[in-house]
Each structure stands twice: as structure tokens, then as C-alpha cells.
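# A structural walkthrough
Here is how the chains run, residue by residue.
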Amino acid sequence: MKGEILLQNIVNLFIISIVLNAAVMAIFSISTLKKLSSLRSVEATRDLIVILLSLFICYKVDILRIFKGTGINIPFILDTILSALVLTTMINFIRQFMSRLKQNNED
């Protein structure tokens with residue numbers, strides 16, 4: 001297994017997660033949606049958009065697959081799903097981190 005390639009693939013996913021988080025949060029920061037931000041349906045919709053977007057991007061862009069070029073041979077669809085789940089997790093981590101920073105600044 002080539003560990004440096006695996007690490008590079010994870011760093012690529014992290015960079016993309018920052019960009020996707022900014023894009024999704026820009027959509028949900030529209031003034032009309034800010035009033036609805038406390039509703040569970042809006043949060044569920046946001047999470048669904050993130051998951052679907054992650055799946056689509058990982059399916060279309062080969063460089064965003066975690067195990068590509070590492071020597072670990074797993075099926076394409078499994079690699080795509082795992083990559084999308086890692087990307088989704090990173091996006092949620094960044095969103096929580098940014099919300100904590102925002103809460104600390106407001107206090």
C-alpha cells in the first residue's frame with residue numbers, strides 16, 4: 001500500500017470539503033432561509049444535498065477517490081461510496097467547527 005498517495009487523496013478530499021461547505025452554506029444563508037434555519041426539515045434538506053453532491057462529485061472526479069492509486073483494490077462503486085461518506089463527514093466537521101467559532105465570537 002502506498003501511504004503517501006492515500007494521505008494525498010484524503011488531503012484532496014479535505015480541500016474539496018471546505019469548498020463544498022462554503023457553497024452549501026452560501027445557499028442556506030439566504031435571508032429567507034435564515035428564518036427557517038431552526039427547522040429540522042431545512043437541516044435534513046441541507047444534509048441530503050451534501051450527501052448527493054458528495055456522491056456525484058466522487059463518482060465523476062477520479063482524483064477524489066480515496067483508494068485510487070494506493071494499491072488497495074476494491075470495487076469502483078465501493079470506493080466511490082466510501083469517498084463520498086468521508087467527504088460528507090469532513091463537510092459536517094467543518095460546519096460544526098465554523099459554527100463553534102461563530103458562537104464564541106458572539107459571546
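Details of the structure are given in the entry above.
My aim in this report is to walk through the structure given alongside it, one point at a time. (Residues numbered from 1 in each chain as written. Predicted model: local features only at pLDDT ≥ 70, side-chain atom pairs only at ≥ 80, totals over all residues. Heavy atoms only, no water.)

### Some words on helix α4 (residues 76-106)
Relative to the 45 Å expected for 31 residues at 1.5 Å per residue, α4 spans 45 Å between its end C-alpha atoms, a close match to the ideal helical length. Listed in full, the buried residues belonging to α4 are Asp79, Thr80, Ser83, Ala84, Leu87, Thr88, Met90, Ile91, Ile94 and Arg95. For α4, the secondary structure elements touched by its buried residues are α1 (3-28) and α3 (40-60). (Helix = DSSP H or I, 4+ residues; strand = E, 2+ residues; numbered from the N terminus. Expected span 1.5 Å × (residues − 1). Buried < 20%, exposed > 50% of the residue type's maximum accessible area, 1.4 Å probe, protein only. Contact = heavy atoms within 4.5 Å.)

### Notes on a nonpolar patch on the surface
Taken together, the side chains of Leu48, Ile51, Leu52, Leu55, Tyr59, Phe76, Ile77, Leu78, Ile81, Leu82 and Leu85 present a nonpolar region at the surface, about 950 Å² in accessible area. The element best represented in the nonpolar patch is α4, accounting for six residues. Mapped onto the elements, Leu48 comes out in helix α3. (Patch = residues over 30% accessible without salt bridge, like charges linked within 9 Å, V, L, I, M, F, W, Y side chains within 5 Å. Areas by Shrake-Rupley, 256 points an atom, 1.4 Å probe, with all protein chains shown as cover. Salt bridge = Lys/Arg side-chain N within 4 Å of Asp/Glu carboxyl O.)

### Details of the pattern of salt bridges
Applying the stated criterion to the full structure yields three salt bridges. Of the charged contacts in the structure, one is a salt bridge between Asp47 and Arg95, with a shortest N-O distance of 3.3 Å. Residue Asp47 is located in helix α3, and its partner Arg95 is located in helix α4; the two are separated by 48 residues in the primary sequence. Classification of Asp47 as partly exposed rests on a relative accessible area of 30%. A salt bridge links Arg65 to Asp79; its shortest N-O distance comes to 3.1 Å. With Arg65 in the loop between α3 and α4 and Asp79 in helix α4, this residue pair connects regions lying 14 residues apart in the sequence. The exposure classification of Arg65 matches that of Asp79, with both residues buried. Residues participating in the shared-partner salt-bridge network are Asp62, Arg65 and Asp79.

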